[in-house]
Amino acid sequence: MNSSKQDNRLPHSSNQINELINSFTSKPAGKLIILAGKNVGEKKNLIQKIKKSSANVKEIDLRDVISTVEEETYENLDNLFDVFKNNQIVHLMNGDVLSGEYTGNTYSFRRYASPQEKYLFRKLEKSSNGFILDLLDEANVNHMMERKAEAIIDFNAPKGGLSKLFWKLKQISVHGHTFENKRPLKK
């Protein structure tokens, strides 16, 4: 994983995305890409593009792996990494469960990595696979993630037209509360 790049954040509309995806799918071993933001439609488009480039994509829902009990999470992660094939691309969905809100760790002024998150990143570094970590809340991207990721792709709100109108309607809040669920629920 890359720990030397300082400016590795890109908007999803950047011209560099295609080059990044081609590099990632051709040689995924040891690479991590983070998808951060609420524009789920554009994220799906990017994932479909990756799936077309590489048939060897495995999707994992982190809600089934991460637990509030650290030892249980460590055991789940060990079992999960034993199943992966070499040079596989693994799409880790619902990465927000790694944040303190879900795992029982409290929020502070500064966002730190949870113990579960640190353990996951140690497993990622030792793996011969490529990983895509999907986060809905871009505030959950902490300094450790920024250091470890090959790139962080920001999926911000649409820029104009009808899609911007629908986006704004989804963001309506009443008395400061949005209708969005902060904690991912199991399906």
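Residues numbered from 1 in each chain as written. Predicted model: local features only at pLDDT ≥ 70, side-chain atom pairs only at ≥ 80, totals over all residues. Heavy atoms only, no water.

Asks: Go over the nonpolar core with me, naming the residues and quoting the values.
Replies: Grouped together as the largest cluster of nonpolar side chains are 28 residues, with contacts concentrated most on Leu32, Ile34, Leu62, Leu92, Leu124, Phe131 and Leu133. At the level of elements, β2 (32–36), α3 (70–83), β4 (89–93), α5 (115–126), β5 (130–135) and α6 (143–148) are the ones that each hand at least two residues to this core. Excluding anything up to four places from it in sequence, Leu133 contacts Leu32, Ile33, Ile34, Leu35, Leu62, Leu92, Gly95, Leu98, Phe121 and Met145. Of all hydrophobic cores here, the second largest spans 15 residues; its members include Ile17, Ile21, Leu35 and Ile89. (Core = buried A, V, L, I, M, F, W, Y, C linked by side-chain atoms within 4.5 Å. Buried < 20%, exposed > 50% of the residue type's maximum accessible area, 1.4 Å probe, protein only. Helix = DSSP H or I, 4+ residues; strand = E, 2+ residues; numbered from the N terminus. Contact = heavy atoms within 4.5 Å.)

Asks: Before we move on, can you summarise the packing of aromatic side chains with the specific residues and values?
Replies: The full count for this structure, using the stated rule, is four aromatic pairs. Look at Phe81 and Phe131: their rings are 5.7 Å apart centre to centre, the planes differ by 35 degrees, and that puts the pair in the tilted class. With a gap of 50 residues between them, Phe81 in helix α3 and Phe131 in strand β5 connect regions that are remote in the sequence. Comparing Phe81 with Phe131 shows no difference in burial state: the two are buried. Counting every residue linked through ring pairs, the aromatic cluster contains Phe81, Phe84 and Phe131. (Phe/Tyr/Trp six-rings, centres within 6.5 Å; stacked < 30°, edge-to-face > 60°.)

Asks: Just give me the short version of the pairing of β4, but keep the residues and values in it.
Replies: Note on strand geometry: in a regular strand, side chains alternate between the two faces of the sheet. The element β4 is largely enclosed, with a buried count of four among its five residues. Relative to β4, strand β3 (residues 57–61) runs parallel, the two sharing five bridges. In the sheet register, Val57 faces β4, and the bridge partner there is Ile89. (Pairing = 2+ DSSP bridges.)

Asks: Pulling in residues and values, what's your account of unusual backbone geometry?
Replies: Positioned with a positive phi, Asn87 is a non-glycine residue whose angle comes to about 55 degrees. Topologically, Asn87 is positioned in the loop between α3 and β4. At Asn94, a position not held by glycine, the phi torsion is positive, near 55 degrees. Examined against the element boundaries, Asn94 turns out to sit in the loop between β4 and α4 (100–103).

Asks: Before we move on, can you summarise the packing of α3 against α5 with the specific residues and values?
Replies: One way to put it is that α3 packs onto α5 with a least axis distance of 10 Å and a crossing angle of 20 degrees. With respect to α5, the element α3 is oriented roughly parallel. Helix-helix and strand crossings are classified by hand; for α3 and α5 the assignment is right-handed. In this structure, α3 uses Glu70, Thr73, Tyr74, Leu77, Asp78 and Phe81 to contact α5, whose residues at the interface are Pro115, Gln116, Tyr119, Leu120, Lys123 and Leu124. Residues that form the contact of α3 with α5 fall into these classes: seven nonpolar, two polar and three charged. (Axes fitted to C-alpha atoms, helices over the stretch in contact; angles between N-to-C directions. Parallel < 35°, antiparallel > 145°, perpendicular 65-115°, else oblique. Left-handed = near helix turned anticlockwise from the far one by under 90°. Nonpolar A, V, L, I, M, F, W, Y, C, P; charged D, E, K, R; others polar.)

Asks: Describe the environment of Phe131, naming the residues involved and giving the relevant values.
Replies: Given a relative accessible area of 1%, Phe131 falls into the buried group. Separated by 72 residues in sequence, Phe131 and Glu59 have C-alpha atoms that sit 10.0 Å apart. Residue contacts for Phe131: discarding those within four places in its chain leaves Phe24, Lys31, Leu32, Ile33, Phe81, Phe84, Val90, Leu92 and Leu124.

Asks: Before we move on, can you summarise the sheet that holds strand β6 (residues 151–154) with the specific residues and values?
Replies: Pairing is parallel in the open sheet, where six strands are placed in the order β1-β6-β2-β5-β4-β3. At either end of the open sheet lies a strand with only one pairing partner, and these are β1 (9–11) and β3. Taken over all neighbouring pairs, the strand axes of this sheet differ in orientation by 20 degrees on average, direction set aside. Across four bridges, β4 lies against β5 in parallel orientation.

That's the geometry; what it means functionally is another story.
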